[in-house]
Structure formats: C-alpha cells, structure tokens
Amino acid sequence: MSKQVTTVSEEGFSATNEIGEFETTIDAEGEEAPDTLESLLAAYASCYVPALRVGGQQRDAGDLGRIEIESTGELNDDDKLESVHFDIRVEADVDDDTGQEVIDRAFELCKVHDALKDSLHADTDFEGGAF
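Reading the values: the criteria
Residues numbered from 1 in each chain as written. Predicted model: local features only at pLDDT ≥ 70, side-chain atom pairs only at ≥ 80, totals over all residues. Heavy atoms only, no water. Core = buried A, V, L, I, M, F, W, Y, C linked by side-chain atoms within 4.5 Å. Buried < 20%, exposed > 50% of the residue type's maximum accessible area, 1.4 Å probe, protein only. Helix = DSSP H or I, 4+ residues; strand = E, 2+ residues; numbered from the N terminus. Contact = heavy atoms within 4.5 Å. Patch = residues over 30% accessible without salt bridge, like charges linked within 9 Å, V, L, I, M, F, W, Y side chains within 5 Å. Areas by Shrake-Rupley, 256 points an atom, 1.4 Å probe, with all protein chains shown as cover. Salt bridge = Lys/Arg side-chain N within 4 Å of Asp/Glu carboxyl O. Lys, Arg positive; Asp, Glu negative; His and termini not counted. Charge placed at Lys NZ, Arg CZ, Asp CG, Glu CD. Axes fitted to C-alpha atoms, helices over the stretch in contact; angles between N-to-C directions. Parallel < 35°, antiparallel > 145°, perpendicular 65-115°, else oblique. Left-handed = near helix turned anticlockwise from the far one by under 90°. Nonpolar A, V, L, I, M, F, W, Y, C, P; charged D, E, K, R; others polar.

The protein chain is annotated in an unreviewed UniProt entry as OsmC family protein of Natronococcus jeotgali DSM 18795.

Here it is, written out as structure tokens:
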C-alpha cells in the first residue's frame, strides 16, 4: 500500500495539493494559506488525536471526550523547525500518571511522529522540459 499526493505550483511559493478527492493549498510564505511548517504541525497534531484516543482506551483512561492540542514549533535562526511542543487538554478527568501513559502510547501509535525520523528522506527523480 502507498499514499500519493500531487503537488502543483504554477508560480511563486504557493502550491496546491491534490490528496485523493481533496485539495489543499500551502503557501511557503504564509500569505495566501498556511505555511509549510504550520501545515506540518497541523498534520502532526491531527494524527496525534486518534493516537491519543486509542492510547486512552488501551491505558484504561476510557473515552477522552473533547481533545484540544495547541502545537508550538520553535524555529532556529534559519527559520527551520527546531522543536515541537504539544499542550494537550482533554475533557475526561485523567490523573497525571495515566495521562503520561496515554501520551507515551500515543507517540508509539502516531504515524506522523514515526515519519519524522532522521532516516526518512525522499528519493527523487527530476525531469526538465516536462511541460
């Protein structure tokens, strides 16, 4: 199985992404749409939500109810992502120890978290004069 996304940029730094039947725009400058790092943070947190729900079930925290994640990405001097922090709030009354168990399990389950490993690098092909 594989996932496929088609990204098209006619000019400038904005790109339209065709993802299955959906379309989204990402603007590297953040002027017309979320920028690339904001989009990455959103994808990471969006993946982490179901991982938290499953982690909650598996670590006896039950249904977590409403989940809200405020994602913060700290940038280095080159405006590249240096660190990520999740401020996680859940509706359910969960003690700190159980909450940590849920968080640890969610990191094990989150596919975006797994994809952010150093060993993942895009293989590339390049074709000039294609259009």
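Here the narrative resumes.
Right, let's get into the nonpolar core. Residues Tyr48, Leu52, Leu64, Ile69, Phe86 and Cys110 are the most contacted members of the largest nonpolar core, which totals 14 residues. Contributing elements (two or more residues each) for this core: helix 1 (36–58), strand 4 (67–75) and helix 2 (96–109). Sorting elements by how many residues they give to this core places helix 1 first, with 6 residues. The contacts of Cys110, once residues within four sequence positions are left out, are Tyr44, Cys47, Tyr48 and Ala51.

For the rest of this paragraph, the subject is a negative patch on the surface. A cluster of like negative charges, contributed by Asp60, Asp93, Asp95, Asp96, Asp97, Glu101 and Asp104, occupies part of the molecular surface. Tracing the backbone shows Glu101 in helix 2. The class of Glu101 is partly exposed, set by a relative accessible area of 40%.

Turning next to the packing of helix 1 against helix 2. With their axes 8 Å apart at the nearest point, helix 1 and helix 2 run at an angle of 125 degrees to one another. Between helix 1 and helix 2, the interaxial angle falls into the category oblique. Considering how the two elements wind past one another, helix 1 and helix 2 form a crossing that is right-handed. Mapping the contact onto sequence places Tyr44, Tyr48, Ala51, Leu52, Val54, Gly55, Gly56 and Gln58 in helix 1 and Val102, Ile103, Arg105, Ala106, Phe107 and Leu109 in helix 2. Looking at the contact of helix 1 with helix 2 residue by residue, the classes come out as 10 nonpolar, 3 polar and 1 charged.

Attention shifts here to the pattern of salt bridges. Overall, the coordinates contain 7 salt bridges when judged by the stated rule. Arg53 is paired through a salt bridge with Asp63; the nearest N and O atoms lie 3.8 Å apart. Of this pair, Arg53 sits in helix 1 while Asp63 sits in the loop between helix 1 and strand 4, and the two are 10 residues apart along the sequence. Overall, the relative accessible area of 62% leaves Asp63 in the exposed class.

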